[in-house]
Amino acid sequence: MYNLETCRQFYQGKRILVTGHTGFKGSWLCRILTLAGAQVTGYSLEPPTDPSLFRLMELEKTMDSVRGDIRDFAYLQKTFERVQPELVIHLAAQALVRDSYQKPVYTYETNVMGTVNLLECVRQFPCVKSVLNVTTDKVYENQEWEYGYREKDPLDGYDPYSNSKSCSELVTHSYKKAFFGDGRCAISTARAGNVIGGGDFAKDRIVPDCVRAQAVGEEIVVRNPYSTRPFQHVMEPLFTYLEIVQKQYEDRVFQGYYNVGPDDVDCVTTGQLATMFCELWGENAHWVNRHDGGPHEANFLKLDCSKLKRVFGWQPRWHIREALALTVDWSRAYLKGEDMLAVTDRQIREY
C-alpha cells in the first residue's frame with residue numbers, strides 16, 4: 001500500500017520540482033512531499049483562486065516557492081539551474097474547459113508550449129532522472145461510448161483545453177523518443193480523472209459550487225446533471241503519481257502512459273454527485289437543474305485503469321461517498337475557521 005510512510009522511504013531528501021504548485025492539486029501534492037521529507041520547489045503563477053488552498057495552508061513558508069510562468073522558458077531554465085532537480089512533476093496548466101473557449105491562444109500557449117519548455121529544460125539538465133506529465137481523461141477522442149478509454153485509444157480532445165492536453169501528450173511522446181532513448185531519464189504521462197477534495201475553490205466545478213452555495217444558504221445550481229464523470233479523492237491520483245515517479249526512477253521499465261482514475265462504481269453523473277453531497281451535508285441542502293446552454297462538454301466519459309492495476313497493483317482506497325464525506329468534513333472545518341494545514345495533514349496521514 002503506497003502511503004505517506006512508504007513515500008517517505010524514497011522521497012526523503014530528494015530534490016523535486018513541481019510546476020503548478022499553487023493550484024488545488026499542486027498544493028495537496030507539495031504538502032504530501034513536504035511531510036515525506038522531500039526538498040520541494042514549486043514553479044507557478046499566483047494561486048488561481050481567492051481564497052486558495054495554497055494560501056490557507058501558508059505553504060510559501062514551508063517550501064521553496066517560485067512565482068513563474070511556464071511560458072517563460074528563460075526563467076524556468078534559471079530555476080532548473082538553481083534547483084538541480086532529480087524529479088519533476090508537471091501540473092502547470094490552464095485547466096478549465098469553459099475558459100479555454102474564451103482564451104484559446106493562452107490555453108494552447110500554456111498547455112502545449114509550457115510542456116515544450118518543461119521538457120526542453122529536462123533535456124538540458126542531466127540531473128533530472130524521472131518526469132511525470134499530468135494531463136487529463138479528456139485527451140481521448142470521445143465517442144460517448146460505455147466502456148472506459150484505454151491508453152492505446154486515439155487522442156483528440158474536442159474543446160481547446162482537451163485538445164491542448166492531447167497535444168501535450170504528443171509533445172511528451174516525441175521528446176521521450178527523440179531525446180531520451182538513451183535511458184538517462186524516465187518519462188511518463190498520467191491521464192487523470194476528475195478529482196474532489198477539500199480546498200478546491202475553482203469556478204465551474206460541481207463540488208466547489210455545492211460548497212459555495214451552502215456557505216451562503218442558497219440552492220445548488222447544477223448545469224448538466226446527466227453528464228457522467230469519473231470522480232476520485234485528490235489523494236488517490238497524487239499518491240499514484242508519486243509511485244509512478246519512484247518506480248520509473250528505480251527501473252525504466254515502468255515508464256509509459258497511464259490512466260489514473262477511479263473504478264466504474266465511482267463514475268457517476270453530476271446529478272448523483274450533487275444528491276450525495278446534499279445527503280452528507282444535511283441542513284436541507286438541495287440542488288436544482290439549470291442547464292445554461294454553455295459550450296460543448298462531453299456527456300459520457302470514463303477511463304479503463306486496468307493497466308495501472310496490473311502494473312502497480314493499484315486499487316482505490318476511498319470510493320466516491322467516502323471521498324465526498326472527507327471533502328464535506330474539510331469544507332465544514334474551513335467554514336468554521338479551523339487550522340486548515342492541520343486538517344489537511346490529518347487527512348493525508350489517514351490515507
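As shown above, the structure is provided for reference.
Report follows, based on the coordinates. (Residues numbered from 1 in each chain as written. Predicted model: local features only at pLDDT ≥ 70, side-chain atom pairs only at ≥ 80, totals over all residues. Heavy atoms only, no water.)

A few points about the overall build of the chain
Applicable threshold: Every helix listed is a DSSP run of H or I at least four residues long, and every strand listed is a run of E at least two residues long, numbered separately from the N terminus. Two things to know: the radius of gyration comes from C-alpha atoms, and the globule rule equals 2.2 Å times the number of residues to the power 0.38. Partly exposed residues are those whose accessible area sits between 20% and 50% of the maximum for their type, while under 20% is buried and over 50% is exposed, using a 1.4 Å probe and protein chains only. Contact definition: two residues touch when any of their heavy atoms are within 4.5 Å. The charge count treats Lys and Arg as positive and Asp and Glu as negative. His and the chain ends do not count. For charged residues, the charge sits on one atom: NZ in Lys, CZ in Arg, CG in Asp, CD in Glu.
Counting secondary structure elements, the chain contains 13 helices and twelve strands. Against the compact-globule benchmark of 20 Å for 351 residues, the chain has a radius of gyration of 19 Å, which places it among compact chains. Across its three principal axes, the chain shows a C-alpha extent of roughly 60 × 45 × 40 Å. Looking at the chain as a whole, 60% of its 351 residues are labelled buried. For the chain, the share of sequence-separated contacts (at least 6 apart) that also reach a separation of at least 24 residues comes to 80%. Taking the 41 positively charged and 46 negatively charged side chains of the chain as two groups, their mean positions are separated by 4 Å.

Brief notes about the side chain of Lys-25
What counts is decided by this rule: Salt bridge, as applied in this entry: a Lys or Arg side-chain nitrogen positioned within 4 Å of an Asp or Glu carboxyl oxygen. Polar contacts here mean pairs of N or O atoms no more than 3.5 Å apart (in protein, one a potential hydrogen donor and the other a potential acceptor; neighbouring residues in sequence count only if both atoms are side-chain atoms).
Tracing the sequence through the fold places Lys-25 in helix α2 (residues 24–35). Buried within the structure, Lys-25 lacks any salt-bridge partner; Asp-137 is the closest side chain of opposite charge, at an N-O distance of 9.2 Å. Within the structure, the side chain of Lys-25 is placed 2.6 Å from the side chain of Tyr-241, a separation counted as a polar contact. Residue contacts for Lys-25: discarding those within four places in its chain leaves Leu-91, Val-134, Ala-192, Val-195, Val-234, Leu-238 and Tyr-241.

Here we look at the sheet that holds strand β4 (residues 87–90)
To summarise the sheet geometry, strands pair through backbone hydrogen bonds and adopt either a parallel or an antiparallel arrangement. Note the following rule: For two strands to count as paired, DSSP must find a minimum of two bridges between them. Orientation is described by axes fitted as lines to C-alpha atoms, over the contacting stretch for helices, and by angles from 0 to 180 degrees between their N-to-C directions.
Within the open sheet, the seven strands sit side by side as β3-β2-β1-β4-β5-β6-β10. Their pairing is parallel. Looking at strand neighbours, the two that pair on one side only are β3 (64–67) and β10 (257–260), the edges of this open sheet. On average, adjacent strands in this sheet sit at an angle of 20° to one another, irrespective of strand direction. Relative to strand β2 (residues 39–44), strand β1 (residues 15–19) runs parallel, the two sharing five bridges. Pairing of Arg-15 across the sheet is with Gln-39, part of β2. Against the sheet, helix α9 (residues 235–250) touches β4, β5 (130–134), β6 (186–192) and β10, its axis set at about 150° to β5.

Section: the pairing of strand β9 (residues 228–233)
Across the six residues of β9, six count as buried, placing the element largely inside the fold. Inspection of the sheet shows strand β7 (residues 194–196) paired to β9 by three bridges, in the parallel sense. Its bridge partner being in β9, Asn-194 is matched across the sheet by Phe-231. Pairing of β9 with strand β11 (residues 267–269), which is carried by three bridges, proceeds in the antiparallel orientation. Considered in β11, the bridge of Arg-229 is made with Val-268.

Some details on the pattern of salt bridges
Across all of its chains, the model carries 24 salt bridges by this definition. In this structure, Arg-290 engages Glu-219 in a salt bridge whose closest nitrogen and oxygen atoms are separated by 2.9 Å. Remark: Glu-219 occurs in the loop between α8 (206–215) and β8 (220–222) and Arg-290 occurs in the loop between β12 (287–289) and α11 (306–312); sequence separation between them is 71 residues. The exposure class of Glu-219 is partly exposed, given its relative accessible area of 31%. Ionic contacts of the salt-bridge type, sharing partners, join the residues Glu-46, Arg-55, Glu-60 and Arg-67 into one network.

Some points on α2
For clarity, the threshold we go by: To estimate how far a helix should reach, multiply one less than its number of residues by 1.5 Å.
Counted at 1.5 Å a residue, the expected span for α2 with its twelve residues is 16 Å, and the 17 Å between its end C-alpha atoms agrees. Phi turns positive, to about 90°, at Gly-37, one or two residues after α2.

So, the packing of helix α12 (residues 320–335) against helix α13 (residues 340–350)
This is how the line gets drawn: Should an angle fall under 35 degrees it is called roughly parallel, over 145 degrees roughly antiparallel, and 65 to 115 degrees roughly perpendicular, with every other angle called oblique. By definition, turning the near helix anticlockwise from the far helix through less than a right angle yields a left-handed crossing, and turning it clockwise yields a right-handed one. Three classes are used: nonpolar for Ala, Val, Leu, Ile, Met, Phe, Trp, Tyr, Cys and Pro, charged for Asp, Glu, Lys and Arg, and polar for all others, with Gly counted as polar.
It is the contact of α12 with α13, at a shortest axis distance of 10 Å, that shows an interaxial angle of 165°. Between α12 and α13, the crossing angle belongs to the class labelled roughly antiparallel. In the crossing of α12 with α13, the sense of the turn from one axis to the other is right-handed. Two secondary-structure elements touch here, α12 through Leu-326, Asp-329, Trp-330, Ala-333 and Tyr-334 and α13 through Met-340, Val-343, Thr-344, Gln-347 and Glu-350. When the residues that make up the contact of α12 with α13 are grouped by side-chain class, the tally is six nonpolar, two polar and two charged.

Considering α8
Burial of α8 is extensive: seven of the ten residues sit out of reach of the surface. Along α8, the residues classified as buried are Ile-206, Val-207, Pro-208, Cys-210, Val-211, Ala-213 and Gln-214. Following α8 by one or two positions, Gly-217 adopts a phi angle in the positive range, close to 70°.

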